[in-house]
Amino acid sequence: MTALVFTSEQAQHALVGALPKAELHVHIEGTLEPELMFALATRNNIALPYKSVQAVRDAYAFDNLQSFLDIYYAGTQVLLCEQDFFDMTWAYLVRAHSDHVVHSELFFDPQSHTSRGVDMGVVIHGIHRACAQAQTQWGMSSALILCFLRHLSEADAIQTLQAAKPYRSLLAGVGLDSSEQGHPPEKFQRVFAQAQALGLKLVAHAGEEGPPSYVWQALDVLGVQRIDHGVRAMEDADLVARLAAQRTPLTVCPLSNKALQVTPDLAKHPLKAMLDAGLCAMLNSDDPAYFGGYLNDNFNATISALNLQPLDVLTLVRNSFEASFVAPDLRAQYQLRADQAFATWARDHA
Ligand code: ADE
Ligand code: ZN
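Right, let's walk through the structure included here. Here the structure is a predicted model, which means the values were calculated and not measured. (Residues numbered from 1 in each chain as written. Chains lettered and ligands numbered in written order. Predicted model: local features only at pLDDT ≥ 70, side-chain atom pairs only at ≥ 80, totals over all residues. Heavy atoms only, no water.)

The subject of this paragraph is the overall build of the protein chain. Summing up its helical and strand segments, the protein chain has 17 helices and eight strands in all. The globule rule puts the C-alpha radius of gyration for 350 residues at 20 Å, and the 19 Å found for the protein chain is close to it. Overall, the C-alpha framework of the protein chain stretches about 60 × 45 × 40 Å when taken along its three principal axes. Every one of the 350 residues in the protein chain was classed for burial, and the buried ones make up 57%. Put simply, 76% of the contacts in the protein chain that link residues at least 6 apart link residues at least 24 apart. Surface summary for the protein chain: the accessible area is close to 13300 Å², and the carbon and sulfur share equals 52%. (Helix = DSSP H or I, 4+ residues; strand = E, 2+ residues; numbered from the N terminus. Rg over C-alpha atoms; globule rule 2.2 N^0.38 Å. Buried < 20%, exposed > 50% of the residue type's maximum accessible area, 1.4 Å probe, protein only. Contact = heavy atoms within 4.5 Å. Areas by Shrake-Rupley, 256 points an atom, 1.4 Å probe, with all protein chains shown as cover.)

Structure below.
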(Lines give C-alpha, C1' and ligand atoms only; values in the text may rest on other atoms or scores of the structure.)
(Ligands and ions follow the chains in the order given, each with its own letter.)
Protein backbone atom coordinates (compact mmCIF):
# COMPACT_ATOMS: atom_id res chain seq x y z
CA MET A 1 0.00 0.00 0.00
CA THR A 2 1.54 3.30 -1.06
CA ALA A 3 1.18 6.57 0.79
CA LEU A 4 -1.66 8.11 -1.23
CA VAL A 5 -1.81 11.49 0.46
CA PHE A 6 0.78 13.90 1.74
CA THR A 7 0.62 14.02 5.52
CA SER A 8 3.06 16.92 5.90
CA GLU A 9 4.93 19.52 3.92
CA GLN A 10 8.13 17.73 4.90
CA ALA A 11 6.88 14.50 3.28
CA GLN A 12 5.99 16.45 0.13
CA HIS A 13 9.43 18.05 -0.08
CA ALA A 14 11.05 14.67 0.56
CA LEU A 15 9.22 13.09 -2.40
CA VAL A 16 10.01 15.99 -4.73
CA GLY A 17 13.68 15.80 -3.78
CA ALA A 18 13.86 12.01 -4.00
CA LEU A 19 12.42 11.66 -7.51
CA PRO A 20 14.79 11.81 -10.48
CA LYS A 21 13.30 14.21 -13.03
CA ALA A 22 13.66 15.55 -16.56
CA GLU A 23 13.41 19.27 -17.26
CA LEU A 24 12.29 19.95 -20.85
CA HIS A 25 11.52 23.66 -20.88
CA VAL A 26 14.28 25.90 -19.61
CA HIS A 27 15.81 28.81 -21.55
CA ILE A 28 19.49 28.77 -20.68
CA GLU A 29 19.62 32.57 -20.93
CA GLY A 30 16.76 32.62 -18.41
CA THR A 31 18.98 30.90 -15.84
CA LEU A 32 21.43 33.82 -15.69
CA GLU A 33 21.32 34.93 -12.06
CA PRO A 34 22.01 38.62 -11.33
CA GLU A 35 25.25 37.76 -9.47
CA LEU A 36 26.68 36.03 -12.55
CA MET A 37 25.28 38.78 -14.80
CA PHE A 38 27.33 41.31 -12.83
CA ALA A 39 30.44 39.10 -12.81
CA LEU A 40 30.27 38.65 -16.60
CA ALA A 41 29.61 42.36 -17.14
CA THR A 42 32.77 43.15 -15.17
CA ARG A 43 34.78 40.47 -16.99
CA ASN A 44 33.66 41.78 -20.38
CA ASN A 45 33.79 45.46 -19.49
CA ILE A 46 30.09 45.99 -20.18
CA ALA A 47 28.07 48.65 -18.36
CA LEU A 48 24.78 47.38 -16.90
CA PRO A 49 21.86 49.77 -16.36
CA TYR A 50 21.65 48.59 -12.71
CA LYS A 51 23.58 49.72 -9.62
CA SER A 52 23.45 46.43 -7.75
CA VAL A 53 22.29 42.82 -7.76
CA GLN A 54 19.33 43.91 -5.65
CA ALA A 55 18.43 46.59 -8.20
CA VAL A 56 18.32 43.89 -10.87
CA ARG A 57 16.05 41.72 -8.74
CA ASP A 58 13.83 44.73 -8.00
CA ALA A 59 13.31 45.18 -11.75
CA TYR A 60 11.80 41.68 -12.00
CA ALA A 61 8.13 42.64 -11.65
CA PHE A 62 6.35 41.74 -14.86
CA ASP A 63 2.96 42.72 -16.31
CA ASN A 64 3.07 40.26 -19.20
CA LEU A 65 5.43 38.28 -21.45
CA GLN A 66 6.76 41.34 -23.32
CA SER A 67 7.70 43.23 -20.15
CA PHE A 68 9.80 40.21 -19.16
CA LEU A 69 11.36 39.72 -22.60
CA ASP A 70 12.61 43.33 -22.70
CA ILE A 71 14.64 42.73 -19.50
CA TYR A 72 15.64 39.18 -20.49
CA TYR A 73 17.16 40.26 -23.82
CA ALA A 74 18.98 43.13 -22.07
CA GLY A 75 20.53 40.57 -19.69
CA THR A 76 21.94 38.49 -22.55
CA GLN A 77 24.26 41.35 -23.54
CA VAL A 78 26.87 40.30 -20.98
CA LEU A 79 27.40 37.01 -22.85
CA LEU A 80 30.27 37.33 -25.31
CA CYS A 81 32.80 34.49 -25.07
CA GLU A 82 32.55 30.71 -25.05
CA GLN A 83 33.52 30.74 -21.36
CA ASP A 84 30.52 33.00 -20.57
CA PHE A 85 28.11 30.48 -22.13
CA PHE A 86 29.91 27.67 -20.32
CA ASP A 87 29.73 29.43 -16.94
CA MET A 88 26.02 30.24 -17.32
CA THR A 89 25.16 26.69 -18.39
CA TRP A 90 27.32 25.09 -15.71
CA ALA A 91 25.66 27.20 -13.01
CA TYR A 92 22.25 25.97 -14.20
CA LEU A 93 23.37 22.33 -14.37
CA VAL A 94 24.81 22.44 -10.83
CA ARG A 95 21.50 23.89 -9.58
CA ALA A 96 19.45 21.36 -11.57
CA HIS A 97 21.60 18.49 -10.28
CA SER A 98 20.84 19.61 -6.71
CA ASP A 99 17.13 19.35 -7.63
CA HIS A 100 17.73 15.76 -8.77
CA VAL A 101 17.29 16.60 -12.46
CA VAL A 102 18.90 13.72 -14.35
CA HIS A 103 18.06 14.90 -17.87
CA SER A 104 17.62 18.44 -19.19
CA GLU A 105 16.70 19.81 -22.60
CA LEU A 106 18.02 23.34 -22.90
CA PHE A 107 16.56 26.05 -25.12
CA PHE A 108 18.90 28.72 -26.39
CA ASP A 109 18.20 31.88 -28.43
CA PRO A 110 21.13 32.26 -30.87
CA GLN A 111 19.63 35.29 -32.62
CA SER A 112 19.94 37.33 -29.43
CA HIS A 113 23.71 36.64 -29.61
CA THR A 114 24.52 36.52 -33.34
CA SER A 115 22.75 39.90 -33.72
CA ARG A 116 25.47 41.29 -31.37
CA GLY A 117 28.29 39.75 -33.40
CA VAL A 118 28.74 36.60 -31.28
CA ASP A 119 29.50 33.57 -33.43
CA MET A 120 27.07 30.64 -33.48
CA GLY A 121 29.95 28.26 -32.69
CA VAL A 122 30.89 30.24 -29.55
CA VAL A 123 27.31 29.92 -28.25
CA ILE A 124 26.85 26.23 -29.02
CA HIS A 125 30.31 25.08 -27.93
CA GLY A 126 30.11 26.94 -24.61
CA ILE A 127 26.72 25.43 -23.75
CA HIS A 128 27.66 21.99 -25.02
CA ARG A 129 30.95 21.85 -23.07
CA ALA A 130 29.07 22.37 -19.80
CA CYS A 131 26.58 19.63 -20.74
CA ALA A 132 29.43 17.25 -21.56
CA GLN A 133 31.01 17.95 -18.16
CA ALA A 134 27.69 17.19 -16.40
CA GLN A 135 27.50 13.90 -18.27
CA THR A 136 31.05 12.96 -17.25
CA GLN A 137 30.75 14.16 -13.66
CA TRP A 138 27.25 12.96 -12.73
CA GLY A 139 25.96 10.88 -15.65
CA MET A 140 23.43 13.66 -16.30
CA SER A 141 22.12 13.66 -19.88
CA SER A 142 21.08 16.74 -21.82
CA ALA A 143 20.03 17.98 -25.23
CA LEU A 144 20.10 21.36 -26.96
CA ILE A 145 17.11 22.95 -28.69
CA LEU A 146 17.78 25.99 -30.86
CA CYS A 147 14.88 28.45 -30.66
CA PHE A 148 13.89 30.92 -33.36
CA LEU A 149 12.72 34.32 -32.11
CA ARG A 150 9.20 34.71 -33.45
CA HIS A 151 9.23 38.53 -33.34
CA LEU A 152 11.90 38.40 -36.08
CA SER A 153 11.28 37.37 -39.70
CA GLU A 154 11.22 33.85 -41.06
CA ALA A 155 14.12 34.85 -43.36
CA ASP A 156 16.20 35.60 -40.24
CA ALA A 157 15.22 32.20 -38.80
CA ILE A 158 16.26 30.47 -42.05
CA GLN A 159 19.62 32.24 -41.94
CA THR A 160 20.02 31.14 -38.32
CA LEU A 161 19.31 27.52 -39.21
CA GLN A 162 21.92 27.74 -41.97
CA ALA A 163 24.48 29.13 -39.51
CA ALA A 164 23.75 26.23 -37.14
CA LYS A 165 24.21 23.51 -39.76
CA PRO A 166 27.92 22.92 -38.99
CA TYR A 167 26.85 22.10 -35.40
CA ARG A 168 23.95 19.84 -36.40
CA SER A 169 25.37 16.89 -34.44
CA LEU A 170 25.19 18.90 -31.19
CA LEU A 171 21.51 19.79 -31.61
CA ALA A 172 18.43 17.72 -30.77
CA GLY A 173 15.81 20.04 -32.17
CA VAL A 174 14.45 23.49 -32.88
CA GLY A 175 11.82 25.53 -31.07
CA LEU A 176 9.95 28.82 -31.33
CA ASP A 177 9.86 31.42 -28.57
CA SER A 178 9.64 35.16 -27.78
CA SER A 179 6.59 37.44 -28.22
CA GLU A 180 3.67 35.15 -29.05
CA GLN A 181 0.73 37.47 -29.77
CA GLY A 182 0.72 38.57 -33.42
CA HIS A 183 3.41 36.04 -34.41
CA PRO A 184 1.50 32.83 -35.22
CA PRO A 185 3.33 29.55 -35.81
CA GLU A 186 2.37 29.55 -39.52
CA LYS A 187 4.85 32.42 -40.02
CA PHE A 188 7.62 29.79 -39.59
CA GLN A 189 6.26 26.94 -41.73
CA ARG A 190 9.21 26.82 -44.15
CA VAL A 191 12.01 26.99 -41.59
CA PHE A 192 10.39 24.22 -39.54
CA ALA A 193 10.12 22.07 -42.71
CA GLN A 194 13.84 22.68 -43.32
CA ALA A 195 14.68 21.73 -39.73
CA GLN A 196 12.61 18.56 -40.05
CA ALA A 197 14.50 17.67 -43.23
CA LEU A 198 17.71 17.88 -41.17
CA GLY A 199 16.26 15.27 -38.80
CA LEU A 200 15.76 17.76 -35.97
CA LYS A 201 12.93 17.39 -33.45
CA LEU A 202 10.32 20.17 -33.51
CA VAL A 203 8.75 22.01 -30.57
CA ALA A 204 7.10 25.43 -30.24
CA HIS A 205 5.80 27.78 -27.57
CA ALA A 206 2.05 28.04 -28.17
CA GLY A 207 -0.96 28.82 -26.02
CA GLU A 208 1.07 30.70 -23.38
CA GLU A 209 -0.48 34.13 -24.10
CA GLY A 210 -1.67 33.21 -27.60
CA PRO A 211 -5.02 31.61 -28.45
CA PRO A 212 -5.78 27.88 -28.92
CA SER A 213 -5.60 28.42 -32.70
CA TYR A 214 -1.83 28.89 -32.30
CA VAL A 215 -1.62 25.43 -30.72
CA TRP A 216 -3.57 23.93 -33.65
CA GLN A 217 -1.16 25.66 -36.05
CA ALA A 218 1.91 24.44 -34.18
CA LEU A 219 0.57 20.89 -34.50
CA ASP A 220 -0.85 20.97 -38.02
CA VAL A 221 1.29 23.55 -39.84
CA LEU A 222 4.66 23.12 -38.11
CA GLY A 223 4.23 19.46 -37.15
CA VAL A 224 5.69 19.84 -33.65
CA GLN A 225 6.14 16.88 -31.31
CA ARG A 226 5.67 18.95 -28.15
CA ILE A 227 3.88 22.14 -27.18
CA ASP A 228 5.66 24.50 -24.80
CA HIS A 229 3.23 25.93 -22.22
CA GLY A 230 -0.07 25.18 -24.01
CA VAL A 231 -2.13 26.21 -20.99
CA ARG A 232 -4.64 28.08 -23.18
CA ALA A 233 -5.35 24.82 -25.04
CA MET A 234 -7.71 24.14 -22.14
CA GLU A 235 -10.13 26.72 -23.65
CA ASP A 236 -10.83 24.39 -26.62
CA ALA A 237 -12.37 20.99 -25.85
CA ASP A 238 -11.64 19.58 -29.33
CA LEU A 239 -8.00 20.56 -28.96
CA VAL A 240 -7.78 18.94 -25.53
CA ALA A 241 -9.24 15.73 -26.98
CA ARG A 242 -6.70 15.78 -29.80
CA LEU A 243 -3.74 16.40 -27.45
CA ALA A 244 -4.92 13.66 -25.10
CA ALA A 245 -5.52 11.12 -27.87
CA GLN A 246 -2.06 11.68 -29.31
CA ARG A 247 -0.32 12.07 -25.93
CA THR A 248 1.23 15.27 -27.27
CA PRO A 249 3.34 16.57 -24.38
CA LEU A 250 2.80 20.03 -22.90
CA THR A 251 5.75 21.53 -21.05
CA VAL A 252 3.97 23.52 -18.36
CA CYS A 253 5.72 26.23 -16.29
CA PRO A 254 3.53 27.34 -13.36
CA LEU A 255 5.86 29.87 -11.68
CA SER A 256 6.42 31.47 -15.09
CA ASN A 257 2.66 31.65 -15.68
CA LYS A 258 2.26 33.30 -12.28
CA ALA A 259 5.10 35.80 -12.81
CA LEU A 260 3.90 36.78 -16.30
CA GLN A 261 0.27 37.15 -15.17
CA VAL A 262 -0.97 34.25 -17.34
CA THR A 263 -2.39 32.70 -14.15
CA PRO A 264 -1.58 35.20 -11.38
CA ASP A 265 -3.23 32.93 -8.80
CA LEU A 266 -1.51 29.51 -8.79
CA ALA A 267 -4.56 28.00 -7.07
CA LYS A 268 -6.38 28.62 -10.39
CA HIS A 269 -3.66 27.09 -12.57
CA PRO A 270 -5.06 24.54 -15.08
CA LEU A 271 -2.35 21.91 -14.45
CA LYS A 272 -4.60 19.58 -12.42
CA ALA A 273 -7.36 19.87 -15.02
CA MET A 274 -4.78 19.04 -17.69
CA LEU A 275 -3.77 15.86 -15.89
CA ASP A 276 -7.41 14.95 -15.28
CA ALA A 277 -8.04 15.35 -19.03
CA GLY A 278 -5.33 12.76 -19.73
CA LEU A 279 -2.79 15.22 -21.12
CA CYS A 280 0.92 14.42 -21.00
CA ALA A 281 1.78 17.54 -18.96
CA MET A 282 4.82 17.97 -16.77
CA LEU A 283 6.50 20.76 -14.80
CA ASN A 284 9.37 23.02 -15.86
CA SER A 285 11.02 26.24 -14.72
CA ASP A 286 11.17 28.25 -18.02
CA ASP A 287 13.40 31.16 -16.84
CA PRO A 288 14.16 30.33 -13.21
CA ALA A 289 16.49 33.27 -12.51
CA TYR A 290 13.63 35.64 -13.37
CA PHE A 291 10.59 33.80 -12.03
CA GLY A 292 11.72 32.98 -8.51
CA GLY A 293 12.17 29.25 -8.67
CA TYR A 294 13.91 26.24 -10.15
CA LEU A 295 12.30 22.90 -10.89
CA ASN A 296 11.67 21.67 -7.33
CA ASP A 297 10.29 25.11 -6.42
CA ASN A 298 7.80 24.71 -9.28
CA PHE A 299 6.83 21.28 -7.95
CA ASN A 300 6.41 22.40 -4.35
CA ALA A 301 4.49 25.60 -5.17
CA THR A 302 2.15 23.75 -7.55
CA ILE A 303 1.57 20.78 -5.25
CA SER A 304 0.63 23.15 -2.42
CA ALA A 305 -1.55 25.45 -4.56
CA LEU A 306 -3.48 22.64 -6.28
CA ASN A 307 -3.43 20.11 -3.46
CA LEU A 308 -1.70 17.53 -5.65
CA GLN A 309 -1.06 14.13 -4.11
CA PRO A 310 1.88 11.70 -4.37
CA LEU A 311 0.59 9.79 -7.40
CA ASP A 312 0.05 13.09 -9.26
CA VAL A 313 3.70 13.91 -8.62
CA LEU A 314 4.80 10.52 -9.92
CA THR A 315 2.64 11.07 -13.03
CA LEU A 316 4.30 14.44 -13.66
CA VAL A 317 7.74 12.90 -13.36
CA ARG A 318 6.87 9.90 -15.55
CA ASN A 319 5.43 12.34 -18.13
CA SER A 320 8.71 14.28 -18.11
CA PHE A 321 10.60 11.18 -19.21
CA GLU A 322 7.88 10.05 -21.64
CA ALA A 323 8.05 13.46 -23.35
CA SER A 324 11.85 13.70 -23.42
CA PHE A 325 13.97 13.13 -26.51
CA VAL A 326 16.17 10.47 -24.88
CA ALA A 327 16.65 7.06 -26.52
CA PRO A 328 14.00 4.48 -25.53
CA ASP A 329 16.34 2.34 -23.40
CA LEU A 330 17.53 5.33 -21.37
CA ARG A 331 13.90 6.49 -21.00
CA ALA A 332 12.99 3.09 -19.57
CA GLN A 333 15.94 3.26 -17.14
CA TYR A 334 14.88 6.72 -15.94
CA GLN A 335 11.25 5.62 -15.50
CA LEU A 336 12.41 2.63 -13.48
CA ARG A 337 14.57 4.85 -11.25
CA ALA A 338 11.59 7.15 -10.67
CA ASP A 339 9.31 4.23 -9.81
CA GLN A 340 11.91 2.82 -7.39
CA ALA A 341 12.44 6.20 -5.71
CA PHE A 342 8.67 6.55 -5.34
CA ALA A 343 8.36 3.08 -3.80
CA THR A 344 11.14 3.83 -1.30
CA TRP A 345 9.53 7.14 -0.34
CA ALA A 346 6.11 5.46 0.02
CA ARG A 347 7.57 2.74 2.25
CA ASP A 348 9.23 5.37 4.46
CA HIS A 349 6.02 7.44 4.65
CA ALA A 350 3.44 4.63 5.01
N1 ADE B 1 11.76 33.26 -23.98
C2 ADE B 1 12.17 33.04 -22.72
N3 ADE B 1 11.12 32.74 -21.95
C4 ADE B 1 10.02 32.76 -22.74
C5 ADE B 1 8.65 32.53 -22.53
N6 ADE B 1 8.14 32.21 -21.32
N7 ADE B 1 7.80 32.67 -23.57
C8 ADE B 1 8.28 33.00 -24.77
N9 ADE B 1 9.56 33.22 -25.02
C10 ADE B 1 10.43 33.10 -24.01
ZN1 ZN C 1 9.67 29.24 -22.45
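Okay, the coordination of the zinc ion (ligand 2) next. Ideal donor angles around a metal are set by the shape: a four-donor tetrahedron calls for 109.5 degrees, a six-donor octahedron for 90 or 180 degrees. Those protein atoms acting as donors to the zinc ion (ligand 2) are His 25 (NE2), His 27 (NE2), His 205 (NE2) and Asp 286 (OD), and they sit at 2.0 to 2.2 Å. Taken together, the four donor atoms surrounding the zinc ion (ligand 2) define angles of 83 to 173° at the centre, an arrangement classified as irregular. On the primary sequence, the residues serving as donors to the zinc ion (ligand 2) are separated as H-x1-H-x177-H-x80-D. Residue His 25 is found in strand E1 (residues 21-27), and its partner His 205 is found in strand E5 (residues 201-206); the two are separated by 180 residues along the sequence. Like His 25, the residue His 205 is buried in the burial classification. (Donors = N, O, S within 2.8 Å, 3.2 Å for Na, K, Ca; no water. Tetrahedral: all angles 85-135°; square planar, octahedral: opposite > 155°, others 65-115°.)

Structurally, Val 317 is set in helix H16 (residues 310-322). Judged by its relative accessible area of 1%, Val 317 falls in the buried class. For Val 317 and Pro 20, which are 297 residues apart along the polypeptide, the C-alpha to C-alpha distance reads 7.7 Å.

Along helix H10 (residues 212-222), the positions that sit buried rather than exposed are Pro 212, Tyr 214, Val 215, Gln 217, Ala 218, Leu 219 and Leu 222. Close packing links the buried residues of H10 with strand E4 (173-177), helix H9 (189-197), E5, strand E6 (226-229) and helix H11 (237-245). Once H10 finishes, Gly 223 follows within two positions and takes phi at roughly 75°, a positive value.

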